[in-house]
Amino acid sequence: MIMDTTEIQDINSFYTVESLKGVYGIIWVLVPILTLILGITIGVLVIVWLEREISAGLQQRIGPEYAGPLGVLQALADGTKLLFKENLLPSRGDIRLFSIGPSIAVISILLSYSVIPFDYRLVLADLNIGVFLWIAVSSIAPIGLLMSGYSSNNKYSFLGGLRAAAQSISYEIPLTLCVLSISLRVSNSLSTVDIVEAQSKYGFWGWNLWCQPIGFIVFLISSLAECERLPFDLPEAEEELVAGYQTEYSGIKFGLFYVASYLNLLVSSLFVTVLYLGGWNISIPYIFVSELFEINKARWVFGTTIGIFITLAKTYLFLFIPITTRWTLPRLRIDQLLNLGWKFLLPISLGNLLLTTSFQLFSL
Amino acid sequence: MFLLYEYDIFWAFLIISSVIPILAFLISGVLAPISKGPEKLSSYESGIEPMGDAWLQFRIRYYMFALVFVVFDVETVFLYPWAMSFDVLGISVFIEAFIFVLILIVGLIYAWRKRALEWS
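Rules of the game
Residues numbered from 1 in each chain as written. Chains lettered and ligands numbered in written order. Predicted model: local features only at pLDDT ≥ 70, side-chain atom pairs only at ≥ 80, totals over all residues. Heavy atoms only, no water. UniProt positions renumbered as here; feature names shortened; annotations may be inferred. Helix = DSSP H or I, 4+ residues; strand = E, 2+ residues; numbered from the N terminus. Contact = heavy atoms within 4.5 Å. Buried area = accessible area lost by both parts, 1.4 Å probe. Salt bridge = Lys/Arg side-chain N within 4 Å of Asp/Glu carboxyl O. Polar contact = N/O pair within 3.5 Å; in protein donor to acceptor, adjacent residues only side chain to side chain. Nonpolar A, V, L, I, M, F, W, Y, C, P; charged D, E, K, R; others polar. Core = buried A, V, L, I, M, F, W, Y, C linked by side-chain atoms within 4.5 Å. Buried < 20%, exposed > 50% of the residue type's maximum accessible area, 1.4 Å probe, protein only. pLDDT = per-residue confidence, 0-100. Expected span 1.5 Å × (residues − 1). Bend = angle between axes of the 7 residues up to and from the residue.

Chemist: An account of the UniProt feature "transmembrane region" (unreviewed entry) in chain A is requested, with residue identities and associated values reported.
Modeler: All names here are of chain A. Listed under "transmembrane region" (unreviewed entry) in the UniProt record, and renumbered for this structure, are residues 26–50, 95–116, 128–148, 256–280, 300–323 and 344–362. Across residues 26–50 one finds 100% helix and 0% strand; the C-alpha atoms that close the span lie 36 Å apart. Secondary structure within residues 256–280 divides into 84% helix and 0% strand; the distance between the first and last C-alpha atoms comes to 30 Å.

Here's what the structure looks like:
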């Protein structure tokens, strides 16, 4: 961050007052987190609206139009309605697990947002294990699903929870191996900032998409399966298991599952952008934006805004693909789903990894 | 755990995001109506009376998938440090890692042939 001397003096004077040092530390931690949570909330509103509008367009009907201008606040209206609904608890189910299940699903997905870079310095936690944090933490979500299914005291919820967990774990490994291939070949680092930086050299042709085409397709399929989106939404198969592990849920707990589903979709799309589509880099070559501004500080603010805008634009343009896929492909049966994960994607992702390492070795 | 300062913000984020569901439950506890009735306490089984116990016989195939998952997950955990130091290690380490992955591929083929990965 380019700061001039007056700012440094201001911050130093703030720092020297002993009583305010603790406050400064807390503010420095809280403000980015709350900003990120606000951004995530708005992002989920947009994604829900986008999904409903695209679904409506695909099905030749009008989407939401009453909640807010153009129906943008539809998700907020849904959430508020769910807050007012009665919280039914199953009579002989385990009440504590019943409440903790959706909470774990939401928390584990929210934690993955901390490693997504929106610009060079706009990442909540620039950890050097970056992407691996997402993979590790998102593996906790099946525990939440199992808890929900088991504690509902309902055969169908239990089955749904087991199937959902089986699906999630089956597609974890191809996902992990694809990410491994990227971090091995392109950036030699797991940090998301490094991965995006490594894609900045050749503009559009520097994207990891061209470097790892097989990996991209495997990642796309695996992340759709992890998010339980059609064609992989058997756990929630509306005709077969009612609502799977969500059957006995009502009110805000159901709202938490709903939010978790869209949070998962958003974070998967953000990771596709970061890992394969070049992150915050303007991918059109030969645009020299920095020459427009002379002042350092204004250039930094403008550049950061451009970075955030580009990341979000790429993410939301990419989101058209999962949303359109939902209404295009038929649902997979559970055995087809597991066969795809274990017998098709796992060998392919292992092969991709070995191919990538061979290329890396012979180019050294 | 607290010596790695770059994770401080992660812990703070964890605490704040744990507060979000708690907040949701509290608000819902205040706003949502409660009305008791005998029908509400029964499990949902497409509108009919629930038949039998709520617990099914646990199919072994879920366990088989979980077992194979654990093996491959541990494999990927071992592959991550190798991949990160790939450029400083030589070709001999690549051969060793290749043998490691090969052993696990043999394991996958074994599980495949022994029908551990079948749903029926």
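Chemist: If you had to explain the interface of chain B and chain A to someone new, which residues and values would you point to?
Modeler: The interface is formed by 60 residues belonging to chain B together with 73 residues belonging to chain A. Both sides together, the interface formed by chain B and chain A hides about 6,400 Å², and carbon and sulfur atoms give 77% of it. The interface formed by chain B and chain A contains 1 salt bridge. The closest approach of N and O atoms between Glu118 of chain B and Lys343 of chain A, which form a salt bridge, is 2.9 Å. Where chain B meets chain A, there are 4 residue pairs in polar contact (both at pLDDT 80 or more). At the level of secondary structure, the elements contributing two or more residues to the side of chain B that touches chain A comprise helix H1 (8–31), helix H2 (60–84) and helix H3 (91–113) of chain B. Residue contributions to the side of chain B that touches chain A peak at 15 residues, all from H1 of chain B. When the residues that make up the side of chain B that touches chain A are grouped by side-chain class, the tally is 44 nonpolar, 8 polar and 8 charged.

Chemist: With reference to specific residues and values, describe the nonpolar core.
Modeler: Residues and elements named next belong to chain A. Counting 108 residues, the largest nonpolar core has Tyr113, Trp134, Phe219, Phe271, Leu275 and Trp342 as its most contacted members. Phe219 has contacts with Trp134, Leu175, Cys178, Val179, Ser268, Phe271, Val272, Leu275 and Tyr276, leaving out every residue within four places of it along the chain. One finds Phe98, Ala164, Tyr249 and Phe257 within the second-largest nonpolar core, a separate group that totals 6 residues.

Chemist: Explain the confidence of the model for chain B residue by residue, including any values.
Modeler: Residues and elements named next belong to chain B. For chain B, mean pLDDT is 83; residues scoring 70 or higher make up 81% of the total. The least confident element of chain B, judged by mean pLDDT, is H1 at 89; the most confident is H3 at 92. Scored by ipTM, the complex comes to 0.86, with pTM at 0.88.

Chemist: Talk me through the confidence of the model for chain A; I want residue IDs and the actual numbers.
Modeler: Averaged over chain A, the pLDDT score is 84; the fraction of residues at 70 or greater is 88%. Considering each helix and strand of chain A separately, the mean pLDDT is smallest for helix H1 (residues 5–16) of chain A, with a value of 60, and largest for helix H10 (residues 213–226) of chain A, with 93.

Chemist: Can you tell me about helix H13 (residues 334–363) of chain A, naming the residues and giving the values?
Modeler: Helix length check: H13 of chain A, at 30 residues, gives a terminal C-alpha distance of 42 Å against a target of 44 Å (1.5 Å per residue), a fit within 8%. Of all the bends in H13 of chain A, the greatest reaches close to 35° and is centred on Leu345 of chain A; the proline Pro347 of chain A follows between one and four positions later.

Chemist: Before we move on, can you summarise the UniProt feature "transmembrane region" (unreviewed entry) in chain B with the specific residues and values?
Modeler: Residue and element names in this part refer to chain B. According to UniProt, the positions carrying the feature "transmembrane region" (unreviewed entry) are residues 12–34, 62–83 and 89–112. Across residues 62–83, the secondary structure splits into 100% helix and 0% strand, with the terminal C-alpha atoms separated by 31 Å. When the span residues 89–112 is considered, its composition is 92% helix and 0% strand, and the gap between its end C-alpha atoms is 33 Å.

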